[in-house]
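A look at the structure
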Amino acid sequence: KKVYDGDKGLNTGGMGNIAPPPWLSNELKSKIETEVVKKTVSSFAAEGIYFSGILFIGMIVSSSIAQVLEINVRLGDPEAQVVLPLLKSDLLTTVEMVLNGEIDSLNLEWLDKYATCVVLASEGYPREYEKGKEIKGINEAESIDEVLIFHAGTVYENGKYFTNGGRVLNVVGIGRTKDESIKKAYEGVSKIHFDGMHYRKDIGL
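Residues numbered from 1 in each chain as written. Predicted model: local features only at pLDDT ≥ 70, side-chain atom pairs only at ≥ 80, totals over all residues. Heavy atoms only, no water.

As a further point, take the nonpolar core. A general feature of soluble globular proteins is that nonpolar side chains tend to end up buried together. Counting residues in hydrophobic clusters, the biggest one holds 20 residues, and the most contacted among them are Val118, Leu120, Ile149, Leu169 and Ile192. Mapped onto this core, the elements with two or more residues apiece are β6 (114–121), α4 (138–142), β8 (147–151), β11 (167–175) and α5 (178–189). Residue contributions to this core peak at four residues, all from α5. With sequence-adjacent residues up to four places away left out, Val118 is seen in contact with Met15, Leu169, Asn170, Val171, Ala185, Tyr186, Val189, Tyr199, Arg200 and Ile203. Counting eight residues, the second-largest nonpolar core is a separate cluster that includes Val82, Ala115, Cys117 and Val172. (Core = buried A, V, L, I, M, F, W, Y, C linked by side-chain atoms within 4.5 Å. Buried < 20%, exposed > 50% of the residue type's maximum accessible area, 1.4 Å probe, protein only. Helix = DSSP H or I, 4+ residues; strand = E, 2+ residues; numbered from the N terminus. Contact = heavy atoms within 4.5 Å.)

And the structure:
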């Protein structure tokens, strides 16, 4: 979440990420499911709360402990932008099954791949920044196989895109390995330019 390479500088809404987390061991994953996820859901039931939707649990994780920072009832970005492209199951069907109370028969399937997201931000972000900078190269980046572009802070006028926020574009690369997904993401980044464009060069490393 820090704005500069090596986790330096101010905290942001997120400068990039990778899925699935390469450092997440089966032991730690099981611990998170037992001590965080299941306890959260069971506490809803104990309070008589019926919740149908998405729980987004933000955590700080070390090798042996996971501490909850926040719980949202929405998907976060850019987190969702590396998770959803790896979902092999149909998203709409999944949502409908949850809404219809059919979660017991829900079996999500995932691609055996990695996804890396690199955020392209305006100069000055997360503090004051200028808007209205013309963005070039989006079409070139989107033409690369297994590269996705998500608009975060853009505006489209007279056939051109311009910056309109602090986090401007999120570039996602998908690959069979972690390194391949990182390479793909930065390949997409290399095609895009706007004045003052800033991004971290160490996402996923």
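So, on to the packing of aromatic side chains. Considering all chains together, one arrives at three aromatic pairs under this definition. An angle of 75° between the planes, with centres 6.1 Å apart, marks the rings of Phe44 and Phe51 as edge-to-face. Its relative accessible area of 22% is what places Phe44 among the partly exposed residues. On the basis of relative accessible area, Phe51 is assigned to the partly exposed category, the value being 33%. Between Tyr186 and Tyr199 the ring centres are 6.2 Å apart and the planes differ by 45°, which places this aromatic pair in the tilted class. Of this pair, Tyr186 sits in helix α5 while Tyr199 sits in the segment after α5; the two residues are 13 residues apart in sequence, bridging distant segments of the chain. Here the guanidinium or amino end of Lys201 rests over the ring plane of Tyr199, the centre of that ring lying 4.7 Å away. (Phe/Tyr/Trp six-rings, centres within 6.5 Å; stacked < 30°, edge-to-face > 60°. Lys NZ or Arg CZ within 6 Å of the ring centre and 35° of its normal.)

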